[in-house]
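Below, each chain spelled out in residue letters.
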Amino acid sequence: MSKLGLNGQILLAVLMAVTFGLLVQGRPPEHALYAAGLIGTLFIDLLKMVMIPLVFCAIVTGIANLRRHRQVTVVWKTTLLFFATTTVIAVTIGLTASQLFKPGAGLHLEMFSHAMQQFESRQMSLLEFFTQFLHGVFMNPFKALAEGNILAIVSYAVCLGIALVMGAERYPQLLALFEEGMGVCMQMISWIMRLAPWGIAALLFKLVATQDLSLFASLTKFMLVVTGTTVFHGMVVLPLLLFLWTGKHPLWFLRQAREALLTAFATSSSNATMPVTLRCTTQNMQVKPEIAGFVVPLGATMNMDGTALYEAAAALFVAQLAGIDLSLGQQLVVCLTTMIAAMGAPGIPSAGMVTMVMVLQSVGLPAEAIAILLPIDRLLDTVRTAVNVEGDMIGSLVVQHRIEQIA
Ligand code: ASP
């Protein structure tokens, strides 16, 4: 493998892992599963180990350096505009596809009553969700760092970055410390990436080999619709937006982004992928560290096109199962709650499933219905996480382009 570049090694690892996983599907040898679990977890643990200090240092120095250049307002505005635009497009695609292909037609909720009996939903209204979300934004930074609470880390780091700039030249050592901290983290990531082909292969092998296929047959159409539209959003819509906004070629982007996309696919976690996302944006795509350091961590928790698309499509799917025709007004409510749900979902595996409950409840659909979606979620999570991460990288390129335009 060593003659191949890292990208080639990772691609080969994906192919081999999926092939072997399929070969032993349903009856994987114990020791292979144990080894895959061990290596996969080690890879994710290593990424998580550098993720928190990296994100913290990246945001503090990012904000501090942006303020120095008086560009902070443009960065904020462009970032939020980009996040909002792409999320609305994703939700619209999800809703339209479910309306058009009707993956729930011919199926009904009673068919899944067994699965639903084993599930108890945690009821949470939109207001409760919002309160909880807001409550989690500001907290003791040491607690947030220890718990790996990205949202709270981002907000504290933003405050600290602003404080450093407002203090003018009074804290140069502190700023230099964070800058050096970021450099050291990037160095460690380049070591961890040597393990990436093995880690990614192990995670995918375990995922494919242990999938529970019992509910697949009846859900095939839904899975195809969701996967097809998510891939469409990731391969057509986002690259097209990138091209229109910045003139960058989609193939160039995909080549530079490959490591991060495959890591997101294998880990199903935007958070765990973040060190690789930052590496791809700053080193492969030459986005300035202060821009990537701001857009990527914020996007990892707030910008989730794949999750938004999935939740919108799934809500309509459940409505079809329940035999309910959602009015246009109700679809708008789904649209809105989905956007909030995707924003509030942390970048960890299956987080979208938790916030999905809220989307269903917003239009009176049975929250227990997510029990039907749970068995297939780990598979669908792979593609939607890759698209979530792709959105963050494209966002960084768009913001960088905007800054260059006005410079
Ligand atoms: N796994 C996704 C992510 O980390 C979130 C989700 O479950 O949709 O981006």
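Everything discussed here concerns the structure shown above.
A brief structural summary. (Residues numbered from 1 in each chain as written. Predicted model: local features only at pLDDT ≥ 70, side-chain atom pairs only at ≥ 80, totals over all residues. Heavy atoms only, no water.)

1. A word on the packing of aromatic side chains
Note the cut-off: Only Phe, Tyr and Trp rings are paired, with Trp represented by its six-membered ring, and only when their centres lie within 6.5 Å; those with planes under 30 degrees apart are stacked, over 60 edge-to-face, the remainder tilted. Per the convention used, a helix needs a DSSP run of H or I reaching at least four residues, while a strand needs a run of E reaching at least two, with both numbered from the N terminus. Here the term buried applies to any residue with accessible area under 20% of the maximum for its type, exposed to any over 50%, and partly exposed to those in between, with areas from a 1.4 Å probe on protein chains only.
This model, assessed by the stated rule, comprises 7 aromatic pairs. Seen from their ring centres, W76 and F294 are 5.3 Å apart, and the 75° between their planes marks the pair as edge-to-face. Linking W76 in helix α3 (residues 72-101) with F294 in helix α13 (residues 289-302), this pair joins segments that are 218 residues apart in sequence. Residue W76 is classed as partly exposed on the basis of its relative accessible area of 33%. Relative accessible area serves as the criterion here: at 4%, F294 is assigned to the buried category. Seen from their ring centres, F222 and Y310 are 6.2 Å apart, and the 55° between their planes marks the pair as tilted. Residue F222 is located in helix α10 (residues 216-246), and its partner Y310 is located in helix α14 (residues 305-321); the two are separated by 88 residues in the primary sequence. As far as burial versus exposure is concerned, F222 and Y310 are alike and both buried.

2. Focus: unusual backbone geometry
At Q286, a residue that is not glycine, the phi angle is positive and equals roughly 60°. Looking at where Q286 falls in the secondary structure, it is placed in the loop between α12 (270-284) and α13.

3. What to know about the site of the ligand
Cut-off, in case you're wondering: Distances are taken per atom, and a residue is near a molecule or strand as soon as one of its heavy atoms is within 4 Å of it. Throughout this description, a polar contact denotes any pair of N or O atoms lying within 3.5 Å of each other; where both atoms belong to protein, one of them has to be capable of donating a hydrogen while the other can accept it, and for residues adjacent in sequence the pair is counted only when both atoms sit in side chains. Only the protein chains shown count as cover for residues, with accessible areas throughout obtained via the Shrake-Rupley method and a probe of 1.4 Å. Note that Gly is not counted as nonpolar here; it falls among the polar residues with everything else outside the nonpolar set of Ala, Val, Leu, Ile, Met, Phe, Trp, Tyr, Cys and Pro and the charged set of Asp, Glu, Lys and Arg.
Close contacts around the ligand come from 15 residues, with S270, T307, G352, D381 and R384 the closest. The contact in question runs from a nitrogen atom of the ligand to an N or O atom on the backbone of I348, over 3.0 Å. For the ligand, a nitrogen atom lies 3.1 Å from a polar atom in the side chain of T385. Protein chains bury 100% of the 270 Å² of accessible surface belonging to the ligand in isolation. No other element matches the 4 residues that helix α17 (residues 370-406) contributes to the shell around the ligand. Of the residues assigned to the shell around the ligand, the class counts are 4 nonpolar, 9 polar and 2 charged.

4. Structural notes on the layout of surface pockets
Cut-off, in case you're wondering: The definitions used throughout rest on a 1 Å grid laid over the protein atoms alone, on which a cavity is an enclosed set of points accommodating a 1.4 Å probe that cannot get out and a pocket is an open set flanked by protein within 12 Å on both sides along at least five of seven lines; lining residues are those having an atom within 4 Å of a point. Grid points are joined across faces, edges and corners, and a volume is the space filled by probe spheres set on the points.
Taken as a whole, the second largest pocket encloses approximately 450 Å³ of empty space. Around the second largest pocket, the lining is made up of 16 residues, and of these M235, L261, L262, F265 and A386 lie nearest the centre. Mapped by element, the contributors of at least two residues to the lining of the second largest pocket are α1 (6-23), α10, α11 (250-267) and α17. Counting residues per element, the lining of the second largest pocket draws most heavily on α11, at 6 residues. Along the lines of polarity and charge, the residues of the lining of the second largest pocket split into 11 nonpolar, 2 polar and 3 charged.

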